[in-house]
Amino acid sequence: MATMKPFRALRPPADLAARVASPPYDVVSTREARALAKGNPDSYLRVSRPEIDLPEGTDEHADAVYAKGAENLAELVQSGVLRADPEPRFYVYAQRMGAHRQTGLVACASVEEYDRDVIKKHEKTRADKEDDRVRHIDTLSAHDEPVFLTYRAAPEIDSAIEEVKRAAPEVDLVTPDGVGHQLWVVPAAIGARLEALFAGVPALYVADGHHRSAAASRVHAKRAGQPGEHGAFLAVVFPHDQMQILAYNRLVRDPRGRTAGELLGEIGKVMDVSPASDPRPPGPLAFGIYAAGRWYLARVRPGSYPAQDPVASLDCAIAQDQILAPIFGIADPRTSKDVDFVGGIRGHEELERRVKEEGWSLALHLFPTRIEQLIAVSDAGKLMPPKSTWFEPKLRSGLFVHRF
């Protein structure tokens, strides 16, 4: 059963929320973060990307960077930019992106349930990224960016959250990317009801934030026996039927230097390839291919993959098994220099631009992984290939922090 607990959030007052709210640390580079935070001492990037307050060229994994993050968090608290609520509460966080709407519960999830796989994973973490988050969280003594969780939608939970949303939101802002963000403090009585309802949810699933949740587990183990709420980590949990997953596309370079025609010929031996007017594949088991200045459609042949395997039947796995490994020799896409990944939020134009300007051999436009596939893989205790999902909209950082 899923344990969701209220907590005393550190959060900005409504009139400062727009200045504080920042993109997640892992979707912006140091250069981008420095530009976004320029002239804004209240930007939460000073905590999540603290190297921007140190000289250019500073190694982002230097001891001074982690220490600067803790210093900047303390400064935001001391100046009143972030303020602690007087008592533990749940919060409701709603986002709108174009026609898409999603509403989640902000709460603390259980490290112990993460360790027992009540909170299920679908992605293998990288040791270097996990180590970085351990140092960051441990130095801050805070979970400063939430883990994005999902669960099988439950009408009673939906109803309770909609009840909260009938009141005016405390925070209502639109970020520069055009995404709307609203935040409500949950009344205590509804919070108690939500806590009881989540106790009946059999499993939670990590959608985004595998490194943050793994790091929370390690920090808890490191601090075993010490005081503080390190046995819980910050999360926003959304019902599965409100999730929006975009394509996670691939750029591929041929180490043998074959022509586009030769490469398309090789793909044509295992898939049905034809010219296409639309870069986007019309459905699963199909790929858009950009090569030699135009788009093609490649359809997967029936019987060419194990349809009953929840991992091997994923489009991203088929791309790896039928194209990247046998044709381009890319055995491990995590380490290969001959493949790069482009989030679907950037559109097919970014794929075309990078093939033209950077000399990639071709681009693969995938059909998005479906949330039901993610749940099936997690329930089977298996892992997805790297870069299988790109969730949008992203959670904004700085709107709530869990200090322990």
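One can find the structure itself at the top, above this paragraph.
Residues numbered from 1 in each chain as written. Predicted model: local features only at pLDDT ≥ 70, side-chain atom pairs only at ≥ 80, totals over all residues. Heavy atoms only, no water.

Undergrad: Residues and numbers for unusual backbone geometry, please.
TA: In this structure, the amide linkage connecting Glu392 to the following residue, Pro393, adopts the cis form with an omega of 0°. Among the structural elements, Pro393 can be located in the loop between β20 (390-391) and β21 (402-403). The backbone of Ser141 sits at a positive phi, close to 55°, despite the residue not being glycine. Looking at the element boundaries, Ser141 is found in the loop between α6 (127-140) and β7 (142-143). One non-glycine residue, Leu285, lies in the positive phi region at around 60°. Mapped onto the elements of the fold, Leu285 is located in the loop between β15 (271-275) and β16 (286-291). According to the relative accessible area criterion, Leu285 is partly exposed, its value standing at 27%. (Helix = DSSP H or I, 4+ residues; strand = E, 2+ residues; numbered from the N terminus. Buried < 20%, exposed > 50% of the residue type's maximum accessible area, 1.4 Å probe, protein only.)

Undergrad: So what about the sheet that holds strand β18 (residues 339-343)? Which residues, and what values?
TA: Strand order in this open sheet of six strands is β15-β17-β16-β19-β14-β18, and the pairing throughout is antiparallel. Two strands in the sheet have a free side with no partner beyond their single neighbour: β15 and β18. Averaged over all neighbouring strand pairs, the angle between strand axes comes to 25°, with direction disregarded. In terms of strand pairing, β16 meets strand β19 (residues 362-365) through three bridges, oriented antiparallel. Within β19, the position partnered with Gly288 by the bridge is His365. Contacts from helix α10 (residues 260-268) reach β15, β16, β17 (294-300) and β19 within the one sheet, and its direction differs from that of β15 by about 135°. (Pairing = 2+ DSSP bridges. Axes fitted to C-alpha atoms, helices over the stretch in contact; angles between N-to-C directions. Contact = heavy atoms within 4.5 Å.)

Undergrad: Just give me the short version of the environment of Leu16, but keep the residues and values in it.
TA: By the secondary structure assignment, Leu16 is in the loop between β2 (10-11) and α1 (17-20). Spatially, the C-alpha atoms of Leu16 and Val81 are 7.0 Å apart, while their sequence positions differ by 65 residues. Every residue in contact with Leu16, bar those within four places of it in the chain, is listed here: Asp42, Gly80 and Val81.

Undergrad: Just give me the short version of helix α8 (residues 188-198), but keep the residues and values in it.
TA: Here α8 has its buried residues at Ile190, Gly191, Leu194 and Phe198. Along the axis of α8, the buried residues cluster in a sector spanning 105°; they form a single face. Seen from the buried face of α8, the exposed residues on the opposite side, beyond 90 degrees, are Ala188, Ala189 and Ala196. In the core, the buried residues of α8 are packed alongside β1 (4-5), β5 (100-110), β8 (147-151), α7 (155-165) and β12 (232-239). (Arc of directions from axis to C-beta.)

Undergrad: Quick one: what's the story with the packing of α7 against α8, residue by residue and with numbers?
TA: One can describe the packing of α7 onto α8 by two numbers: an axis separation of 10 Å at closest approach and a directional angle of 160°. In terms of orientation, α7 and α8 fall into the roughly antiparallel class. The element α7 and its partner α8 pack so that their crossing is left-handed. Residues Glu156, Ile157, Ala160, Ile161, Glu163 and Val164 of α7 form the contact with α8, whose participating residues are Ile190, Arg193, Leu194, Leu197 and Phe198. (Parallel < 35°, antiparallel > 145°, perpendicular 65-115°, else oblique. Left-handed = near helix turned anticlockwise from the far one by under 90°.)

Undergrad: Which residues make up the side chain of Asp138, and what are the values?
TA: As for its position among the elements, Asp138 is in helix α6. Ignoring sequence-local partners within four residues, the contact set of Asp138 consists of Val219, Lys222 and Arg223.

Undergrad: So, the packing of helix α4 (residues 63-78) against α6: which residues are in play, and what are the values?
TA: Where α4 contacts α6, the axes come no closer than 9 Å and their chain directions differ by 40°. The orientation of α4 with respect to α6, classified from their angle, is oblique. For the element pair α4 and α6, the recorded crossing hand is right-handed. Residue-level contacts link Asp63, Tyr66, Ala67, Gly69, Ala70 and Leu73 of α4 to Asp132, Arg135, His136, Thr139 and Leu140 of α6.

Undergrad: Lay out the pattern of salt bridges with the relevant residues and their values.
TA: Under the criterion given, the structure shown has 36 salt bridges. Between Glu112 and Arg116 there is a salt bridge, and its shortest N-O distance comes to 2.4 Å. For Lys120, the salt bridge identified is with Asp379, shortest N-O distance 2.9 Å. Pair noted here: Lys120 is in strand β6 (residues 119-120) and Asp379 is in helix α13 (residues 371-379), with a separation of 259 residues, a long-range link. Judged by its relative accessible area of 33%, Asp379 is partly exposed. Here the salt bridges share partners, and the residues they tie into one network are Arg11, Asp85 and Glu170. (Salt bridge = Lys/Arg side-chain N within 4 Å of Asp/Glu carboxyl O.)

Undergrad: I'd like a rundown of the pairing of β5, residues and numbers included.
TA: Across the eleven residues that make up β5, a large majority, ten, are buried. Pairing of β1 with β5, which is carried by two bridges, proceeds in the antiparallel orientation. When the sheet's bridge partners are listed, Lys5 is paired in β5 with Cys108. Here seven bridges tie strand β4 (residues 91-97) to β5, and the two strands are oriented antiparallel to one another. Note on β5: the bridge partner recorded for Ala94 is Thr103. Connecting β4 to the antiparallel partner β5 that follows it, the hairpin turn spans two residues, and Gly98 within it adopts a positive phi of roughly 60°. Note that β5 and β12 share six bridges and pair antiparallel. Bridge pairing in β12 places Cys108 opposite Leu234.

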